[in-house]
Every structure is written in C-alpha cells, then in structure tokens.
Amino acid sequence: MATSVNRSCLTYLLHLAQDNLDFRLPEIKALLALRGKSFHPSGDFQEKTPFWCLDGLAEEDVRGVMARSVCAKSAFELWGHGQTHSELRTSLLNYPSENMSPFMHKDSTYRINVYTFNKTLEFPDRIKRIDAMDYLPFEGTVSLKSPQHIFCLLEDYGTDPNDIPEHPNYIYFGRWIADGQRELIRSHSVKNRHFIGNTSMDAGLSFIMANHAKVNENDLVFDPFVGTGSLLVACSHFRAYVCGTDIDYNTIHGRGRSSRKNQKWRGPDENIRANLRQYGTEEMYIDVMISDASKPVWREAPLFDAIITDPPYGIRESTRRTGSHKDVTKHADGIYLESHVPVSQAYHLSDIFTDLLNFSAHHLVVGGRLVYWLPVYRPEYSEETVPLHPCLRILSNCEQTLSSHTSRRLITMEKIRKPEELDGLAQFADGRFSPYQGHNAFREKYFSGLNKRCIKEDNKAVVNGQ
Ligand SMILES: C[S@@+](CC[C@H](N)C(=O)[O-])C[C@H]1O[C@@H](n2cnc3c(N)ncnc32)[C@H](O)[C@@H]1O
C-alpha cells in the first residue's frame, strides 16, 4: 500500500477505564515491554485522565496490547484532536490524506460513534456532532450494523462529576483499532466460578497481576500461596503453564466447608483444576500441592518465569507455618522421633515477605517478575517499608485502598541478577535490606480501626463471591 511509509509513525489514542487508576500505567508498560516496545506518551501526559496518546508504535503493537489489557477499554488511530471543535477540524484537515484515504474510499462501509466522558449527550445532539463532521471526505456508505471501519468522536468533560463543564475540555477523533479485555472481568467473575474460597482474588485484579508480571505464552508461573487458584486462572488464560502450593489440605484437595451462601460443604469436583477446565485452559495446569512456603521444596534453580501471589495477611486466613517453638528433635539421619507431631506456629508477615523475595531471587529466571500484594497500615506507610532484595528491582508499587487506614499495594519486581553468596548478609551490610517489622502488626492495626459492622459486611460480600 502506498500509505505504508507513514503508518509506522502514527499516534494512537487509548481510552482507559477510570478505576484502578494506579494499576494502568504499569499494565500498559508491561504489555508494551512484552512486545519489546517502550511507553512514549505524546505531548502533555496526565496519568489520571481517561485518554492517553502514545507515539512510536505500530498498529500490531496496539492490537497486541489491547488483546491483553483489562485497564484499557479501546484504542484508536488518532486522526485529530483539539480543545474545541474548531481546533479539531483544523487538526483533522491537516492529517495526511494518504493516511485517511484507505479507510474512506467509495467501496468501503463505515460508521461514526460519539463517546462522551463524564457527560451524557442526547441522541439528537450526537447526530448533530456527526453531521458537523461533513468536512471529512468520506466517500463510502454508512453501515450501522456491520461497517468495515468504525470512527469515533470522543469528548472529554473532565473527571469531576460535580463540576461538568458545558463544553468539553478536549476532543479527539480517530479510527477504532480494537477493544481491550474488560469483558474478562465479567466472564471470569468469582461469583460464577466453580471453586472459590474466602480470599479468592477478584478476576479483574488477577488479570492485572498477570499483566504486570508480563506473563507470556508457554511461561511457567508459580503461586506459592495458591488458595483457590484465581491467579493461576488468569495466567492460564494468557497461555502460561501454571502451578502452585498452599499449606492448607482442604484448599488443595477442594474439601471442607464451602464459602458459598446456601452450600455447606464443597462438592466432589470443586478444585483448582476444575476452575481451569471451566474456562477452557485445563491443558495449562501443571499441578498444585500442599507445601509450606517457609520451607520450599524446589530444587535450587531458576525454574519460574513469573511468581505471582497474594500472601496471607491474617485477616480472613491464618498466617501459619509448620514447626514448633520447641526445637524439633531430629536424628542424625534426618528422621523425626516417633513422638514428633508437626504443629504450626505463627508466620510473621515480615518473614513471609523476606522468604518470598529470597525464594524469587533463587527461583525466577533473570528478567522474570515477582508480583505480590503487600498489606499496609496507611498512617505508617512509606516507601522504605517495602521489602527489598539485592537481586530484585522494584518496577511498580500501586495502591488499592481497603479502608481509611489500611490498603494493599501491588508490588512488581524484576530479577536483575543471580543471587551471590553474600546476598544473605545484605541486611547486615545495608539497612535497606532489613525486613520492616511493622508489617507484623498489620492484623491488629486492621481490626483496631474498623467497626465490627463494616468487617461483617465486608466478609459477607466475599463469601457471596462479590
Ligand atoms: C490470600 S490467600 C490466597 C488466595 C488466592 N489468591 C485465591 O485466589 O484463592 C493466602 C493463602 O495462603 C495460604 N497459606 C497460609 N500460610 C501458608 C504457608 N505457610 N505456606 C503456604 N501457603 C500458606 C492460605 O491457606 C491461603 O490459601
């Protein structure tokens, strides 16, 4: 096509969902990185707005990102923009005609949509907007039902629902390229999932975690606190092989009390494998097994492309590990005395994170990512309290507020080098690597500020799979 010369330096417009604002930039950056591309915003970039303009991409890159993103709603090839309709018109008339003409010729069919953010336009006003664009040289035929090309006029009325301006703050016009994967939030909702538990991770956040982890086709992904496997469900959807461990026998075997309303016990096939089967990804299931994350059973090797997990915080599940306060009596041959009964002891949050980072440093491939949730007591939070490891660098740290005084932060780290012998001593050499003991009192702090009714309602919602 004669126009292909220019098509590599186009600007693309992303329309993003206005929820989970913190999670959007790391998601888009990770998805671009999966394609070997960087994030180049065009002009004055404002992260919290619903519209981002990106440069330096090809249409296949944008399609690739949209095939994965749950934060982005739609993407467009940007043809024109401006603060007023008159500026938009000037901008559109300046857009190279060779970029437009392949989509406007007389044998083509098309449709123009009007989208307004933070304002509802009546139908006649939408039609007026479309009619006013008659300066564009469309030669094809309008087809509302199945057009070959879809165009969109997008008007941005700001983000304050209590202060909606009469005229839009900004206007864009472009050719629609693709929609994102918001539908996954509904299709994979835990409400309709076969096997759920009290702490099953929300579907949207699970997909966001898989994207932050840059999970790719044929990767091997591990969740050391697998629970009901929500994170494995998301990663297997992106065609990664998945496995996990959990200390809880009932969770791994899908036994015990059901977390569903009106159901006392779990049914015969309520387990993680059945969850993957429900979504057609059973062939990506490696296995899950009972294991204590504080005593990993894996051979010493970089086995995993990504480790993605939601460790226990002690709110809806206990934070326990195997072992006893007394020294366990072991014979020289490694066999426990007959009288030994394994018991559990508290697994402090600071130890959970230290173990998780150490484990990741040893078992991730170089370039592999660890994505996990860190619960924080907001009044005491500072970046210094986020656990560090000399082999892992922090890529993003996104907050999800839980209450006025607590939140959890989604931390994404990348393994930058192999562990060395002296790394074990890093915390003594450099205070930044010492575990922050304040994490250990998270449970007490969480309950201290919440009134009991809130907790009850919150728990009820989770049990009902909301
Ligand atoms: C927050 S839940 C994970 C929920 C999971 N993401 C899901 O979607 O169902 C934490 C899990 O860690 C498990 N766990 C607690 N202590 C553990 C330990 N020491 N080793 C391994 N798993 C542990 C709990 O049994 C629980 O299933």
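Residues numbered from 1 in each chain as written. Predicted model: local features only at pLDDT ≥ 70, side-chain atom pairs only at ≥ 80, totals over all residues. Heavy atoms only, no water.

Trainee: Hey, could you run me through the overall build of the protein chain in this one?
Mentor: Each helix and strand counted, the protein chain has 14 helices and 16 strands in total. Counting across all 466 residues of the protein chain, residues that qualify as buried make up 49%. In the protein chain, 74% of the contacts between residues at least 6 apart in sequence involve partners at least 24 apart. In the form shown here, the protein chain has an accessible surface area of approximately 23100 Å², with 50% of it arising from carbon and sulfur atoms. (Helix = DSSP H or I, 4+ residues; strand = E, 2+ residues; numbered from the N terminus. Buried < 20%, exposed > 50% of the residue type's maximum accessible area, 1.4 Å probe, protein only. Contact = heavy atoms within 4.5 Å. Areas by Shrake-Rupley, 256 points an atom, 1.4 Å probe, with all protein chains shown as cover.)

Trainee: Please explain the site of the ligand as it appears in this structure.
Mentor: In the vicinity of the ligand, 24 residues are found, and the nearest of them are Thr228, Ser230, Asp246, Ala293 and Arg320. Take Asp246: an N or O atom from its side chain is 2.6 Å from an oxygen atom of the ligand. Contact distances for the ligand include 2.8 Å between a nitrogen atom and a backbone N or O atom of Ala293. Calculation on the ligand without its partners gives an accessible area of 600 Å², and the protein chains cover 96% of this total. (Near = heavy atom within 4 Å. Polar contact = N/O pair within 3.5 Å; in protein donor to acceptor, adjacent residues only side chain to side chain.)

Trainee: Any chance you could explain helix H11 (residues 349–363) here in plain terms?
Mentor: What sets the pattern is the α-helix's 3.6 residues per turn: residues three or four places apart point alike. An ideal rise of 1.5 Å per residue puts 21 Å on 15 residues; H11 measures up with 21 Å between its terminal C-alpha atoms. Here H11 has its buried residues at Leu349, Ser350, Ile352, Phe353, Leu356, Leu357, Phe359, Ser360, Ala361 and His363. (Expected span 1.5 Å × (residues − 1).)

Trainee: For this particular structure, what's the right way to read the side chain of His405?
Mentor: Mapped onto the fold, His405 is located in the loop between strand E15 (392–401) and strand E16 (406–415). Here the side chain of His405 touches Ser404 through a polar contact of 3.4 Å, side chain to side chain.

Trainee: Please explain the nonpolar core as it appears in this structure.
Mentor: Taken as a class, soluble globular proteins show a tendency for nonpolar side chains to be buried jointly. Counting residues in each nonpolar core, the largest one holds 61 residues, and the members touching the most others are Val215, Leu370 and Tyr372. Looking at this core element by element, the count peaks at seven residues for strand E14 (residues 364–377). Residues from two domains meet in this core; each of domain 1 (6–181) and domain 2 (185–461) gives at least three. What Val215 contacts, discounting residues up to four positions off in sequence, is Leu34, Arg68, Ala210, Val221, Cys235, Phe238, Ala240 and Ala306. If you look at the next biggest cluster of nonpolar residues, it comprises 38 residues, including Leu14, Leu31, Val114 and Phe151. (Core = buried A, V, L, I, M, F, W, Y, C linked by side-chain atoms within 4.5 Å. Domains from an automatic or database assignment.)

Trainee: Is there a simple way to explain the pattern of salt bridges in this structure?
Mentor: Any two side chains of opposite charge can pair, on the condition that their charged atoms come close. With the rule as written, the count across this model stands at 22 salt bridges. When the shortest N-O distance is used, the salt bridge between Glu59 and Arg175 registers 2.8 Å. Residue Glu59 is found in helix H2 (residues 59–66), and its partner Arg175 is found in strand E7 (residues 170–179); the two are separated by 116 residues along the sequence. Residue class for Glu59 comes out buried when judged on its relative accessible area of 18%. Judged by its relative accessible area of 5%, Arg175 falls in the buried class. Via salt bridges that share partners, Glu59, Arg63, Glu77 and Arg175 belong to a single interconnected network. (Salt bridge = Lys/Arg side-chain N within 4 Å of Asp/Glu carboxyl O.)

Trainee: Please explain H2 as it appears in this structure.
Mentor: Those residues of H2 that sit buried are Glu59, Asp61, Val62, Val65 and Met66. Down the axis of H2, the sector holding all buried residues measures 160°, keeping them to one side. Buried positions along H2 lie against strand E1 (10–16), helix H1 (21–34), strand E2 (51–57), strand E3 (72–82) and E7. (Arc of directions from axis to C-beta.)

Trainee: Would you mind showing me how to read the packing of H1 against helix H7 (residues 203–212) here?
Mentor: Pairs of packed helices are described in terms of their axes, by the angle between the two and the distance that separates them. Contact geometry for H1 and H7: axes closest at 8 Å, N-to-C directions at 45°. Considering their axes alone, H1 and H7 lie oblique with respect to each other. Two packed elements cross with a definite hand, and for H1 against H7 that hand is left-handed. Each of Phe23, Pro26, Glu27, Ala30 and Leu31 in H1 lies in contact with H7, whose residues at this interface are Leu205, Ile208, Asn211 and His212. Grouping the amino acids of the contact of H1 with H7 by side-chain chemistry returns six nonpolar, two polar and one charged. (Axes fitted to C-alpha atoms, helices over the stretch in contact; angles between N-to-C directions. Parallel < 35°, antiparallel > 145°, perpendicular 65-115°, else oblique. Left-handed = near helix turned anticlockwise from the far one by under 90°. Nonpolar A, V, L, I, M, F, W, Y, C, P; charged D, E, K, R; others polar.)

Trainee: What exactly am I supposed to notice about a nonpolar patch on the surface here?
Mentor: A contiguous nonpolar surface patch, about 380 Å² in accessible area, is contributed by Leu422, Leu425 and Phe428. Within the element layout of this structure, Leu422 appears in the loop between E16 and helix H12 (426–429). (Patch = residues over 30% accessible without salt bridge, like charges linked within 9 Å, V, L, I, M, F, W, Y side chains within 5 Å.)

Trainee: Just to check I follow, could you spell out the pairing of E1 for this structure?
Mentor: Regular strands place their side chains on alternate faces of the sheet. Taking burial as the measure, the seven residues of E1 include six buried ones, the bulk of the element. Direction of pairing for E1 relative to E2: antiparallel, over a ladder of five bridges. If you follow Leu13 over to E2, its bridge partner there is Cys53. Alignment of E1 against E3, held across five bridges, turns out to be antiparallel. Among the inter-strand pairings, Tyr12 is bridged to a residue of E3, identified as Glu77. (Pairing = 2+ DSSP bridges.)

Trainee: What is the right way to read the sheet that holds E15 from this model?
Mentor: For sheets, the rule is that strands pair by backbone hydrogen bonds, running either parallel or antiparallel. Here we have seven strands laid out as an open sheet, ordered E10-E9-E8-E11-E14-E16-E15, and mixed in their pairing. Here the strands that pair on one side only, and so sit at the sheet edges, are strand E10 (285–290) and E15. When the angles between neighbouring strand axes are averaged without regard to direction, this sheet yields 15°. Pairing of strand E9 (residues 241–246) with E10 involves five bridges; the strand directions are parallel. What sits directly across from Gly244, in E10, is Val288. Against the sheet, H11 touches strand E8 (220–223), strand E11 (304–309), E14, E15 and E16, its axis set at about 170° to E14.

Trainee: I tried to follow the pairing of E14 on my own but got confused; where do I start?
Mentor: With 10 of 14 residues buried, E14 is to be regarded as a mostly interior element. In this sheet, E14 lies alongside E11 in parallel orientation, the contact comprising five bridges. Pairing of Phe304 across the sheet is with Leu364, part of E14.

Trainee: Sorry if this is basic, but what is going on with the confidence of the model for the protein chain here?
Mentor: For residues with low pLDDT, the predicted coordinates do not support detailed interpretation. On average, residues of the protein chain score 89 in pLDDT, and 89% of them reach the 70 mark or higher. Within the model, pLDDT remains below 50 along residues 1–5, and this stretch shows four contacts once partners closer than five positions in the same chain are excluded. A low-confidence stretch, residues 461–466 (pLDDT under 50), is modelled with 15 contacts involving residues beyond four sequence positions or located in other chains. (pLDDT = per-residue confidence, 0-100.)

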